[in-house]
Number of protein chains: 2
Amino acid sequence: MAATATAGVILIGDEILSGKTADQNARLLITELRELGVALRRIVVIPDVVEEIATAVGEHAARYDHVFTSGGVGPTHDDLTMEGVARAFSSRVIHHPELERLLRLYYGERLGERHLRMAEVPEGAELVAGSDPSWPVVAMRNVYILPGIPEIFARKFRAIRERFRQSPYHLRCIFTSDEEGIIASELDRIVASYPDLQVGSYPLLSGADYKVKVTLESKDVGRVEEATRALVEALGSAVVRVT
Amino acid sequence: MAATATAGVILIGDEILSGKTADQNARLLITELRELGVALRRIVVIPDVVEEIATAVGEHAARYDHVFTSGGVGPTHDDLTMEGVARAFSSRVIHHPELERLLRLYYGERLGERHLRMAEVPEGAELVAGSDPSWPVVAMRNVYILPGIPEIFARKFRAIRERFRQSPYHLRCIFTSDEEGIIASELDRIVASYPDLQVGSYPLLSGADYKVKVTLESKDVGRVEEATRALVEALGSAVVRVT
């Protein structure tokens, strides 16, 4: 089985850290990447500071297969993502002719000098057309640069999503009437016998018919089913249900 | 004016990255820290991997005044936060006598060996009692270790919140009928004249009576008011309203 592709997400935005805007874009990527079978390994929210953008992009690009940035790509003083990504790759910002053409089409006579800032990309960046060629995504190597406005973010990501698709995850959930402290030893045995599985344990404070939700998952459906059967047997009457 | 205290937040949880649980704890801290006048500078979501926890905690603790972790503090195999924080400070995990006493009180005869894992803390950690002494928070230097369950997270944070209070932020918003490309030059002038202010520019795609929301903020109310008056005058009839 091929190694699962990994991903990192970088949200660039003072507005999220200061509570002016609630994030929608990381939420969308969590759902989408999961559905695509990609392992999301890190999300970071950083301010509109070019050095912080450059450092985060450099680290994530070296560490994960795919990196997605959100925000900081408009024409104003706080739009520093292109500069930050360029610095991460020891590149510089240039005007992209195809983006300039699209901007001229869109703005026509209203096009001002500042609008042209939106044609700036790191030197070496490509336009990824995807399924909706009127909304190309700027990609610098494995870094996909997406805008912060949620409607445009979603539309652009969905246009390129299929290039990231992997085999799907399989997930089983076992709900128990015993607390974590009671089932911990049985969980340890399963984790030791099935080191290739992700095993999670999530206690609930109150308000449901169970105390802990145990999750077992991997891309190998057979292993998940086998581990689920073994754990259900070990937990015995503490199992409320399995989904 | 004293420098504003800064904060970093570390969410430890495969369940967030894989979409099993939606984050509530970073959202709470965004709102609370803002209200307390603390500058939140970074949020990171990482998996339940002890080396990643250690690295993130070490970096954040060195860089920000206050660090808050969420998750990974129960009795099961995926609860690795205490070990990660200990490693970040080249410390080791020990049993805390006061936490052990509280666990014995709570569980009584049901107390098992695995429950005692919840008395483990990094050597050198303190218990911060706050306003609700039955819910102490484990703190290792400037790192406050909070549990992932949102109800307990909120209760514990609120018990200690007043120790972080700073002078409040002042915020003004100017809504404009012109796009970002048109107002960008005026914004540049304000940013140059008021380098001590945070100036944000947030375009809206559709569905409102304005195109851009400009935010001006700082802890100095006089500077915010002065910059707001100057920008309103410069933007003229493009100003839809000021709040």
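Residues numbered from 1 in each chain as written. Chains lettered and ligands numbered in written order. Predicted model: local features only at pLDDT ≥ 70, side-chain atom pairs only at ≥ 80, totals over all residues. Heavy atoms only, no water.

### Digging into the overall build of chain A
Check the secondary structure of chain A and you find eight helices and 12 strands. By the compact-globule yardstick of 18 Å for 243 residues, chain A is too spread out, its C-alpha radius of gyration being 22 Å. Along the three orthogonal principal directions, the C-alpha set of chain A runs to about 75 × 40 × 30 Å. The buried share of chain A, reckoned over its 243 residues, is 53%. In chain A, of all internal contacts separated by at least 6 residues, the share reaching a separation of at least 24 is 70%. (Helix = DSSP H or I, 4+ residues; strand = E, 2+ residues; numbered from the N terminus. Rg over C-alpha atoms; globule rule 2.2 N^0.38 Å. Buried < 20%, exposed > 50% of the residue type's maximum accessible area, 1.4 Å probe, protein only. Contact = heavy atoms within 4.5 Å.)

### Brief notes about the sheet that holds strand S2 (residues 39–46) of chain B
Spatial strand order, S6(A)-S7(A)-S8(A)-S3(A)-S1(A)-S2(A)-S2(B)-S1(B)-S3(B)-S8(B)-S7(B)-S6(B): 12 strands in an open sheet with mixed pairing. Strands at the two margins of the open sheet, each flanked by one partner only, are strand S6 (126–128) of chain A together with strand S6 (126–128) of chain B. Averaged over all pairs of adjacent strands, the angle between strand axes in this sheet comes to 25°, irrespective of strand direction. As defined by bridge partners, strand S1 (residues 6–12) of chain B adjoins strand S3 (residues 66–70) of chain B across five bridges and the pair is classed as parallel. Within S3 of chain B, the residue paired with Ala 7 of chain B across the bridge is His 66 of chain B. (Pairing = 2+ DSSP bridges. Axes fitted to C-alpha atoms, helices over the stretch in contact; angles between N-to-C directions.)

### Some thoughts on the packing of helix H3 (residues 50–63) of chain A against helix H4 (residues 81–88) of chain A
Geometrically, a packed helix pair is captured by the angle between its two axes and the distance between the axes. All names here are of chain A. The interhelical angle for the contact between H3 and H4, taken along N-to-C directions, is 50°, at an axis separation of 7 Å. Considering their axes alone, H3 and H4 lie oblique with respect to each other. Two packed elements cross with a definite hand, and for H3 against H4 that hand is right-handed. On H4, the residues that touch Val 50, Glu 51, Ile 53, Ala 54, Val 57 and Gly 58 of H3 are Thr 81, Glu 83, Gly 84, Val 85, Arg 87 and Ala 88. When grouped by side-chain class, the residues that make up the contact of H3 with H4 number six nonpolar, three polar and three charged. (Parallel < 35°, antiparallel > 145°, perpendicular 65-115°, else oblique. Left-handed = near helix turned anticlockwise from the far one by under 90°. Nonpolar A, V, L, I, M, F, W, Y, C, P; charged D, E, K, R; others polar.)

### A short note on the sheet that holds strand S12 (residues 239–242) of chain B
Residue and element names in this part refer to chain B. Taken in spatial order, the four strands make up an open sheet running S10-S11-S9-S12, and their pairing is antiparallel. Edge positions in the open sheet fall to strand S10 (198–203) and S12, since each of these has one partner strand only. Averaged over all pairs of adjacent strands, the angle between strand axes in this sheet comes to 20°, irrespective of strand direction. As paired elements, strand S9 (residues 170–176) and S12 share three bridges and run antiparallel to each other. The residue bridging Phe 175 from the neighbouring strand is Arg 241, located in S12.

### A word on the confidence of the model for chain A
Predicted coordinates in regions of low pLDDT should not be interpreted in detail. Residues of chain A with pLDDT of at least 70 account for 99%, and the chain-wide mean is 94. Interface scoring of the predicted complex returns ipTM 0.93; its pTM is 0.94. (pLDDT = per-residue confidence, 0-100.)

### Examining the environment of Pro 203 of chain B
Turning to its location among the elements, Pro 203 of chain B is positioned in strand S10. Overall, Pro 203 of chain B belongs to the partly exposed group, its relative accessible area being 30%. Measuring from C-alpha to C-alpha, the distance between Pro 203 of chain B and Thr 176 of chain B comes to 9.5 Å, with 27 residues separating the pair along the chain. Once you skip the residues sitting within four places of it in the chain, Pro 203 of chain B turns out to touch Ile 149 of chain A together with Glu 180, Lys 211 and Val 212 of chain B.

### A few points about the relation of the copies chain B and chain A
Of the two same-sequence chains, chain B is brought onto chain A (RMSD 0.0 Å, axial shift 0.0 Å) by a rotation of 180°. Here the copies are linked by what is in effect a two-fold axis. Among all residues of chain B, the one whose C-alpha sits closest to the rotation axis is Val 44 of chain B, at a distance of 2.1 Å. In this assembly the copies share their binding face: 100% of the residues contributing to the interface of chain B also contribute to that of chain A. (Least-squares fit on C-alpha atoms with pLDDT ≥ 70 in both.)

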